[in-house]
Each structure stands twice: as C-alpha cells, then as structure tokens.
Amino acid sequence: MSGFHWDWGFAWSIVPELLEGVVVTVIATVLGSLLAFALGLVWTFVRIAQLRVITPAVWFLVQFIRGTPLLIQLYFLFYVLPTWGITVSGLATGIIALGLFFSAYTAEIYRAGIEDLPAGQWEAALTLGLPVHRVWLGIILPQAIRAVLPVLGNVVISMFKQTALLSTITVLELLAHGMSIGQMTYRFVEPLTLVGAIYFAVSYLSARAIRSLETKDEIRA
Amino acid sequence: MQPPKTLLDFIPFFLGGIPVTLEITFVAMAVAIPVAVVLALGRMSRHAVLRWPAGFVIEFFRGSSALVQLFWAFYVLPLFGITLPPLLCGVLVLGLNEGSYMSEVVRAGLEAVPKGQREAGVALGLPARYRLFRIILPQALPLMVPPFGNELITMLKFTALVSLVTIQDLSFRASLIGSTLGESGPIFGLTIVVYFVLALILGGGMRLLERWVARRAGRQLAQAAGAGPLARAPSSIPAWAVGAGG
C-alpha cells in the first residue's frame, strides 16, 4: 500500500485547470451535436427520397459508421485529413468525428419520429392541398423533431461522455487536463477522481433534466 | 541492407490482434450479462436495501465516461493497493459499464414475462430461487437474445478503448504500426474495415443464435418475433410526399 491519502488542498488547486478542460469538452459537445443533428437530417432525407445509388451508398456509410469504433474513426480522420489537404486542429477533427459518428444515430431517431406520426397528419396535409415542402417544413418535421427531442437529448449526453476520447488526438479537454496534471505531479487520485466526478455531475443532472422535460411533455400533451 | 518495411510486412502482427479483440469482447460480455441480470433484479426488488445499491451502480457506471473509468481503474486503483493486470482491468470496466446499460434490456425482458407466471409459482409454493431460475429467467432470457446481439456489437466497438491501457488488441497494434511506419492513415483505414467485418460476422452469428433459441423456446418466442428487428414495419410516409420538388 503506497501511503495513499486524499489531499483536499491539492484537489482544490487543480479545479481551475480542470474547468478549462470542461470548456473545451462543452464546445466539442455543442458543436458536435449541431453537426450530428444536421447530418442526421440529411441522411434521413436521402433515405426517404429513395434515390438510385445515392441512397444505398449513404445508408451503407451510415451503417459502417455505426458499426465501427469511434476511437479508430478519430485516429483515421486525425491522420488522414491532413493528407487530403485538410489541415484542421485536433479539436475540429474531433468535432467532425463526433458529428459523423452520432449522425448515424440521429438519422435513425429522426426516421422513427417521422414514421411514428399518425397517418392523419399526411392525409390532412394532402386534403388542404399544401405544397410538399410546406408539408415537410410546416407540419411533419416540427412535430417529428419535437417528439424525439428527449432522445436527441440523450444523444448529446452520450456525446458529452465520449468527448473524453478526444484526449487521444491531442485535444486538451477535461480528461487530457486530468491526465497531464497526473503526469506532472505524479498524483493521479485527485485529478482522475475529480474528472470522473465532473463527467458524472454534468451527465447525471442533464439526464434528470431531460427525464423531467419528458414527463412534463407527456402531461401537457 | 534490408529494404524498408511496408504495411504488408506488419499485416500478420496486425491480424494477431483479432483474437485478442474477440477474446476481450466475449469475456467482457460474459461479465456484463450476469452483472446486468443482478442489477436488473436489484432494481426491481421490493427491498430498498437492494434497490438503492443497484441503482447507484447503474448510475455510477452510466454517468461518467467509460474511458475515465478505465483510466481510473488503471492509474488510481493501484494507489489503493489494488493492482489489476491490464486485461482484467479492461474486462471488468467494460463488463460493469456495459452491464449497467444492459440492465435496462434485462429489466424489459423480465417484465415481459406474464405476471401470472410468478403468481402461479407462488401459488404452487415454489421457493423464490426456483421461481427465478426455473420459471422467470428461462422465459425472459430468449426474449433478450436479439437486443443482446446489438449489445455484443457495441461491446466489440467498446473494446478499442482497452488499447489505451497497453492491451495489444487490434487498435493498439494499429497505433504501433502507424507510428513505426510514420504513416497512420492506411493502417487505421484497414482497422476500421476489420472492425466492421468482425461486427458483421458477430451480427450474423447472433442471428443464428436467435433462430436456434427461438426454435428451442418455441411458442413464446414465435409471438415476440413479430415485433423483432426482422419484421420491417411498412413506411408510413406517403409516396406523394417523397416525389421531386419536396
């Protein structure tokens, strides 16, 4: 037993540095989520449109992204993007990878939301003689997206936790800060425990918030 | 003088990671399933003494990043005098983490067994242990096989994390080869493809298992199969909404 003790003074002293990491983690989560929401919608429309060649190709890509580890996708983009002439920061690479990976999930979620709408919505729209784009933008999507908001919220929470992987491609997010403090001070207990606690606090509270939104929504409906 | 090494020279070493990755996948899954069953039963228990700790474990593992848990087990636990070999460390973290997620699947499966089954067991005066192992679980487990198939593939993807705690799986070997060659793009591209092929194979295997279980379990599963992933619901989106100009 190597004389372990928890040093509160040390723990407090590293909080500011960890919070710097939290900022990067939050940026990655927010931008990654926006990308995932947008790309997922694109995949959904490509699927619904049933285009020749494009739809099967896109759908294969989506399944491919879903079926392989995010960590390797991160590495791949990190090393391959520069050889394609795209030189972006580790953080940008991470956001692209997160957005792509989770777009494979949001695509399924949107599709479920759209297909779960009652047939009466379509019939009413047809009866009213609305143009097709008005039907989609004014009737179908607002309802479908509203219905799947809690599920999309859970995607954001999963992404928040997965941003820890970005530490492997030089992004100084929360975990990377914790590890670098550990390597500099040879004290891993406080930084890594605090990192875990911060992840837990944020994702637990967000999950609770989403759950309460969900129930409120049901009551209102 | 030897010619410079190319990616091809490292392929055998790289493919040697496949058994390691599969081994971790299956062993971690073997940890996850009992963990999920215990947590689900704890969560459904009438006694708060069981419900609370089960809920705590589930929230704990689901609440924070799996990578952070892995690093914590790898770097911090030894300071408490608990030094686990990396492989055990990886398998335990993956198993407990995935088990916490799977406890939801198990709970849904247990709740799908008709209430009358338990009541009949109670009426017959069967002890609780007998009711669980001989009546409830044998009916619930076949229902869980299809979702477990998805979880197995999740686990396969999950195992890439253990490369970060020195285990020589596919991902670890890919990183090593990349840094030896000074060019990482091609090997990681290949790695993604290998993971995808493994996922397809595992998925196919699970579908065979599903069919075998369905045949053995017979009647109960025949009903559930109608709602399974194989039954594709017809799209509710009308054709006119899909046409050009949309």
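Residues numbered from 1 in each chain as written. Chains lettered and ligands numbered in written order. Predicted model: local features only at pLDDT ≥ 70, side-chain atom pairs only at ≥ 80, totals over all residues.

Caption draft 1: How the structure looks around the overall build of chain A. On a plain count of helices and strands, chain A comes out with 8 helices and 0 strands. Each helix (α) and strand (β) of chain A, taken in turn from the N terminus, gives the series α-α-α-α-α-α-α-α. Dimensions of chain A, computed from the C-alpha atoms along their principal axes, are close to 75 × 50 × 25 Å. Across the 221 residues of chain A, 39% fall into the buried class. (Helix = DSSP H or I, 4+ residues; strand = E, 2+ residues; numbered from the N terminus. Buried ≥ 20, exposed ≤ 12 C-beta atoms within 10 Å, placed from the backbone.)

Caption draft 2: Geometry of the overall build of chain B. If you tally the helices and strands in chain B, you get 10 helices and 0 strands. Moving toward the C terminus, one meets the helices and strands of chain B in the order α-α-α-α-α-α-α-α-α-α. By the compact-globule yardstick of 18 Å for 246 residues, chain B is too spread out, its C-alpha radius of gyration being 22 Å. Seen along its three principal axes, the alpha-carbon backbone of chain B occupies a region of about 80 × 65 × 40 Å. Looking at the 246 residues of chain B, the share that counts as buried comes to 35%. Taking the intrachain contacts of chain B between residues at least 6 apart in sequence as the baseline, contacts between residues at least 24 apart amount to 74%. (Rg over C-alpha atoms; globule rule 2.2 N^0.38 Å. Contact = placed C-beta atoms within 7 Å.)

Caption draft 3: Just the interface of chain A and chain B, in detail. At the interface, 44 residues of chain A touch 39 residues of chain B. Elements with a minimum of two residues in the side of chain A that touches chain B: helix 1 (8–49), helix 3 (70–80), helix 4 (90–115), helix 5 (119–128), helix 6 (132–162), helix 7 (174–185) and helix 8 (189–220) of chain A. The element contributing the most residues to the side of chain A that touches chain B is helix 8 of chain A, with 9 residues. Its residues assigned to classes, the side of chain A that touches chain B comprises 30 nonpolar, 12 polar and 2 charged. (Nonpolar A, V, L, I, M, F, W, Y, C, P; charged D, E, K, R; others polar.)

Caption draft 4: Local environment of helix 4 of chain A. Residue and element names in this part refer to chain A. In a regular helix each residue adds 1.5 Å, so 26 residues correspond to 38 Å; helix 4 covers 37 Å between its end C-alpha atoms and thus fits that length. A bend of about 35° at Ser103 is the largest found in helix 4. Buried residues dominate helix 4, accounting for 19 of its 26 residues. (Expected span 1.5 Å × (residues − 1). Bend = angle between axes of the 7 residues up to and from the residue.)

Caption draft 5: How the structure looks around the nonpolar core. Among the nonpolar cores identified, the biggest contains 102 residues, and B:Ala36, B:Leu67, B:Val68 and B:Leu161 are the most heavily contacted of them. Looking at this core element by element, the count peaks at 12 residues for helix 4 of chain A. Leave out the neighbours within four places in its chain, and B:Leu67 touches A:Ala164, A:Leu165, A:Leu175 and B:Leu161. (Core = buried A, V, L, I, M, F, W, Y, C linked by C-beta atoms within 7 Å.)

Caption draft 6: Spotlight on the environment of B:Lys115. Residue and element names in this part refer to chain B. On the secondary structure map, Lys115 appears in helix 6 (residues 115–123). We classify Lys115 as exposed; it has 8 C-beta atoms within 10 Å. Note: C-alpha distance between Lys115 and Ile136 (21 residues apart in sequence) is 9.7 Å.

Caption draft 7: Spotlight on the confidence of the model for chain B. Residues and elements named next belong to chain B. Across chain B, the average pLDDT comes to 88, with 91% of residues at or above 70. Taking the mean pLDDT of every element in chain B, the minimum, 49, falls on helix 10 (residues 219–225) and the maximum, 96, on helix 2 (residues 17–44). For residues 221–232, every residue scores under 50 in pLDDT, and the model assigns this stretch 9 contacts once sequence neighbours within four places are set aside. Across the interfaces of the predicted complex, the ipTM metric reaches 0.88, alongside a pTM of 0.88. (pLDDT = per-residue confidence, 0-100.)

Caption draft 8: Seen up close, helix 6 of chain A. Between its terminal C-alpha atoms helix 6 of chain A stretches only 38 Å, short of the 45 Å expected from 31 residues at 1.5 Å a residue. Its maximal kink placed at A:Leu149, helix 6 of chain A deviates by approximately 55°, while the proline A:Pro150 follows within four residues.

Caption draft 9: Summary view of the environment of A:Met184. The residue A:Met184 is located in helix 7 in this model. For A:Met184 and A:Glu214, which are 30 residues apart along the polypeptide, the C-alpha to C-alpha distance reads 44 Å.

Caption draft 10: Main features of unusual backbone geometry. In this structure, A:Tyr186 takes a positive phi of about 60° despite not being glycine. Inspection of the secondary structure assignment puts A:Tyr186 in the loop between helix 7 and helix 8. Although it is not a glycine, B:Thr166 adopts a positive phi angle of roughly 70°. Along the chain, B:Thr166 turns up in the loop between helix 7 (128–158) and helix 8 (170–181). Here B:Thr166 falls in the exposed class, since 12 other C-beta atoms lie within 10 Å of it.

Caption draft 11: Spatial organisation of the packing of helix 2 (residues 54–66) of chain A against helix 4 of chain A. Residues and elements named next belong to chain A. Their axes nearest at 8 Å, the elements helix 2 and helix 4 cross at an angle of 115°. For the element pair helix 2 / helix 4, the angle class is roughly perpendicular. Remark: the crossing between helix 2 and helix 4 carries left-handed chirality. Together, Val62, Ile65 and Arg66 of helix 2 and Leu100, Phe101, Ala104 and Ala107 of helix 4 make up the contact between the two elements. Considered class by class, the residues forming the contact of helix 2 with helix 4 number 6 nonpolar, no polar and 1 charged. (Axes fitted to C-alpha atoms, helices over the stretch in contact; angles between N-to-C directions. Parallel < 35°, antiparallel > 145°, perpendicular 65-115°, else oblique. Left-handed = near helix turned anticlockwise from the far one by under 90°.)

Caption draft 12: Highlighting the packing of helix 2 of chain B against helix 8 of chain B. All names here are of chain B. Remark: helix 2 packs on helix 8, axes separated minimally by 8 Å, with the N-to-C direction vectors making an angle of 145°. The residues of helix 8 that touch helix 2, namely those facing Gly17, Ile18 and Thr21, are Leu170, Phe172 and Arg173. Here the residues of the contact of helix 2 with helix 8 sort into 3 nonpolar, 2 polar and 1 charged.

Caption draft 13: How the structure looks around the environment of A:Trp12. Along the chain, the position of A:Trp12 falls in helix 1. Along the chain, A:Trp12 and A:Ile140 lie 128 residues apart, while their C-alpha atoms are 50 Å from each other.

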